[in-house]
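# A look at the structure
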Amino acid sequence: DLVSPLLEKLSSDTNETVSLARASGSQLAIIHHVVASRELRVVPHMGLNLPLYSTSGGRALLALECEKDVRTIVGDVWQELTDQTVKTLPQLLQLIREVRETGIAVDRGETLEGISTMAFALDTLFGRFSVSLLVPSARFLRHEARFRDEMLKCKEALVREIGKVAAI
């Protein structure tokens with residue numbers, strides 16, 4: 001209830017779908033979403049579980065963990081969902097370092113072909129969550145910089161609204 005208005009604003013400002021998720025073991029579980037009203041849009045399934053290592057939301061959450069914990073959480077099984085999927089721990093750790101530097105994780109067709117996502121994580125008193133923007137890849141490429149700006153605005157607004165322990 002606290003975050004819904006801000007997720008709706010992000011969806012409205014970008015005209016794209018937004019999801020709220022949390023980690024469930026080594027998977028990312030979508031717990032809420034706001035579907036864009038446009039004709040060509042991404043519609044996630046509630047409760048959909050995807051590997052943390054391949055999703056932007058999952059990598060944003062993994063960036064809150066130390067390297068040792070990332071290894072434990074991810075484990076040794078790497079499922080190749082598309083030809084772009086991260087395939088090794090060193091690759092994943094490099095992507096996590098980028099998330100820590102920029103505050104934003106990006107998935108360019110690594111989980112679902114034709115779908116790109118951008119996410120940030122919040123480590124709050126209510127738990128750890130990721131907020132993702134889900135976009136058809138062709139449109140994502142054209143508007144990535146604007147999407148990044150809107151995501152950072154949303155992140156700041158969420159931190160003001162619900163407080164934070166840390167935000168990645």
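Everything here concerns the structure above.
Residues numbered from 1 in each chain as written. Predicted model: local features only at pLDDT ≥ 70, side-chain atom pairs only at ≥ 80, totals over all residues. Heavy atoms only, no water.

### Section: the nonpolar core
Core analysis: the biggest nonpolar cluster contains 23 residues, and F120, V131 and L158 have the highest contact counts within it. Looking at this core, the elements that each hand over two or more residues are α1 (4-14), β1 (17-24), β5 (115-124), β6 (127-136) and α5 (137-162). At 7 residues, α5 tops the list of elements feeding residues into this core. Among the nonpolar cores identified, the runner-up in size contains 19 residues, and A60, L61, V74 and L92 belong to it. (Core = buried A, V, L, I, M, F, W, Y, C linked by side-chain atoms within 4.5 Å. Buried < 20%, exposed > 50% of the residue type's maximum accessible area, 1.4 Å probe, protein only. Helix = DSSP H or I, 4+ residues; strand = E, 2+ residues; numbered from the N terminus.)

### Some details on the packing of aromatic side chains
Scanning the entire structure with this criterion turns up 2 aromatic pairs. On the numbers, 4.7 Å between centres and 55° between planes, the contact of Y53 with W78 is tilted. Highlighted residues: Y53 in the loop between β3 (49-51) and α2 (56-62) and W78 in the loop between α3 (67-74) and α4 (89-102), separated in sequence by 25 residues. Judged by relative accessible area, Y53 falls into the buried class, the value being 5%. Since its relative accessible area comes to 22%, W78 is described here as partly exposed. When the ring of F140 is compared with that of F147, the centres are 6.2 Å apart and the planes differ by 40°; the resulting orientation is tilted. Judged on exposure class, the residue F140 and its partner F147 are both buried. (Phe/Tyr/Trp six-rings, centres within 6.5 Å; stacked < 30°, edge-to-face > 60°.)

### Let's talk about the pattern of salt bridges
Considering all chains together, one arrives at 11 salt bridges under this definition. Where K87 meets E80, a salt bridge forms, and the shortest distance between an N and an O atom there is 4.0 Å. The salt bridge partner of R108 is E144, with a shortest N-O separation of 2.4 Å. With R108 in strand β4 (residues 105-108) and E144 in helix α5, this residue pair connects regions lying 36 residues apart in the sequence. Accessibility expressed as a relative area gives 41% for R108, which makes it partly exposed. In this structure, a network of salt bridges that share partners links the residues E16, R38 and R139. (Salt bridge = Lys/Arg side-chain N within 4 Å of Asp/Glu carboxyl O.)

What is shown is where atoms sit, not what they do.
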